[in-house]
Structure formats: structure tokens, C-alpha cells
Amino acid sequence: VFPGTICKYSLRNPTSDGGRKCAYIAVSSKALVDQVEKWGLFPGNSYDRTIPEIIYRCDKSVVAKFLSAYFEGDGSIYCPTEKTVQIAAHSVNPNLLWELKLILWEYFGILTSRVFQDRERSHRFFISGIQSIRVFLSEIGFRSKRKKIIAQLALEATTFIHPKGGQSKQDI
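Residues numbered from 1 in each chain as written. Predicted model: local features only at pLDDT ≥ 70, side-chain atom pairs only at ≥ 80, totals over all residues. Heavy atoms only, no water.

Enquirer: Would you mind going over the nonpolar core in detail, with residue names and values included?
Expert: The biggest cluster of nonpolar side chains holds 31 residues, and the ones touching the most others in it are Phe71, Ile77, Ile87, Phe136 and Leu137. Contributions of two or more residues to this core are made by α3 (60–74), β4 (86–91), α4 (94–108), α5 (130–139) and α6 (145–155). When residues in this core are grouped by element, the largest group, six residues, is from α4. If we skip the residues at most four places from it in the chain, Ile87 touches Phe71, Ser76, Ile77, Phe125, Phe126, Ile127, Ile133, Phe136, Leu137 and Phe142. (Core = buried A, V, L, I, M, F, W, Y, C linked by side-chain atoms within 4.5 Å. Buried < 20%, exposed > 50% of the residue type's maximum accessible area, 1.4 Å probe, protein only. Helix = DSSP H or I, 4+ residues; strand = E, 2+ residues; numbered from the N terminus. Contact = heavy atoms within 4.5 Å.)

Okay, here's the thing in C-alpha cells:
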């Protein structure tokens with residue numbers, strides 16, 4: 001599709017606390033870069049990245065796929081106990097997180113916590129409330145097998161974790 005494209009694949013050593021190797025795919029193609037820039041997908045580095053303008057013009061199903069991909073890479077889900085669940089989005093750019101919060105609310109009615117700094121340069125927010133968690137898992141979801149398994153456990157949970165540690169019980 002894009003003439004002169006060169007692809008290289010390798011495994012990289014872990015760069016985070018997760019400790020798993022990850023796939024690294026390098027694609028070299030001026031034609032591909034030009035097309036992706038037309039879509040607004042290369043605004044800069046992580047510190048000034050924003051939601052591409054084209055996403056705001058997409059229907060709900062496309063936005064759900066975009067969010068699923070974001071949360072797969074820069075989101076987390078975990079169940080600290082068998083009856084609790086926590087879903088969060090992470091970024092070094094708090095403005096990007098505010099944009100994500102807005103899309104989650106406008107397209108899906110998903111409530112989120114405030115954006116706060118959790119480490120020296122990292123920010124995050126949590127999806128708030130068991131109803132919002134259920135909407136996220138049913139309408140957006142995750143892509144990896146590992147996160148899907150955790151999500152299945154989350155759907156069976158009767159408690160969710162508030163940001164900053166408090167717990168609240170609700171029936172699903």
C-alpha cells in the first residue's frame with residue numbers, strides 16, 4: 001500500500017515495573033508518515049500529544065476502539081482483592097488525560113476522578129463508580145488476554161476502589 005516501506009520486528013527488554021518483554025515494531029515509510037500526519041496522529045512527543053481531531057468526528061464504535069487501544073497501552077486494570085477493581089489511565093501529559101475524560105463522558109457517560117500527579121512526571125485518573133466501570137468494560141474494553149481476564153474478574157466484583165484508597169460497596 002505504501003511503496004518503499006521497511007518493517008523491522010524485535011523483542012525489547014522490560015522498561016517498566018511489569019517486567020515483561022514487549023514487541024517492538026519499527027516501520028520506515030515517508031508515504032505512511034505523510035498519511036498519518038494528515039490524520040493528525042503525529043502532533044509531537046508524549047508531553048504535548050493530544051487526541052487527534054479526527055476522533056472527535058468519529059462515531060461511537062470508532063471512539064470505543066481508539067479508547068480501547070489507549071487503555072491497552074497506557075491504562076491499567078487490576079483487582080487488588082477478589083472483590084475490588086480499579087481502572088486508570090496514565091500519561092505524562094495531564095491535558096491529554098482531560099481530553100480522554102471528556103470523551104469518556106460525552107460518548108459513554110463514564111464518570112472519572114480528577115486528574116492527579118501520581119509520580120514525578122506521571123499523571124492519572126480513575127474510572128469512578130461500578131456503573132461506569134461496567135460501561136467501560138462492556139462498551140470499550142481491553143484487547144490483551146491478560147487485561148480481559150482481569151476485566152472478567154472485575155465484572156464479578158461487588159466493591160470498587162476509590163482513588164486515594166477508600167472502598168465503597170455496591171451491587172452490580
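Enquirer: Any chance you could break down the sheet that holds strand β5 (residues 116–117) for me, citing the residues and the numbers?
Expert: On the basis of which strands lie adjacent, the open sheet formed by four strands has the order β3-β4-β6-β5 and antiparallel pairing. Of all the strands in the sheet, the pair left with one neighbour each is β3 (75–78) and β5. In terms of strand pairing, β4 meets strand β6 (residues 123–126) through four bridges, oriented antiparallel. Within β6, the position partnered with Ala89 by the bridge is Phe125. Its contacts with the sheet place α3 against β3, β4 and β6, and it is angled at close to 85° to β4. Most of the contacts of α4 go to β6, to which it runs at about 20°, and overall it touches β4 and β6. (Pairing = 2+ DSSP bridges. Axes fitted to C-alpha atoms, helices over the stretch in contact; angles between N-to-C directions.)

Enquirer: So what about α4? Which residues, and what values?
Expert: Its 15 residues give α4 an end-to-end C-alpha distance of 21 Å, which sits within 8% of 21 Å, the value for a rise of 1.5 Å per residue. Restricting attention to buried positions, one finds in α4 the residues Leu96, Leu97, Glu99, Leu100, Lys101, Ile103, Leu104 and Phe108. Packed against the buried residues of α4 are α2 (53–56), α3, β4, β6 and α5. Backbone nitrogen of Asn95 and a side-chain oxygen of the N-cap are separated by 2.8 Å at the start of α4; the cap is Asn93. (Expected span 1.5 Å × (residues − 1). Polar contact = N/O pair within 3.5 Å; in protein donor to acceptor, adjacent residues only side chain to side chain.)

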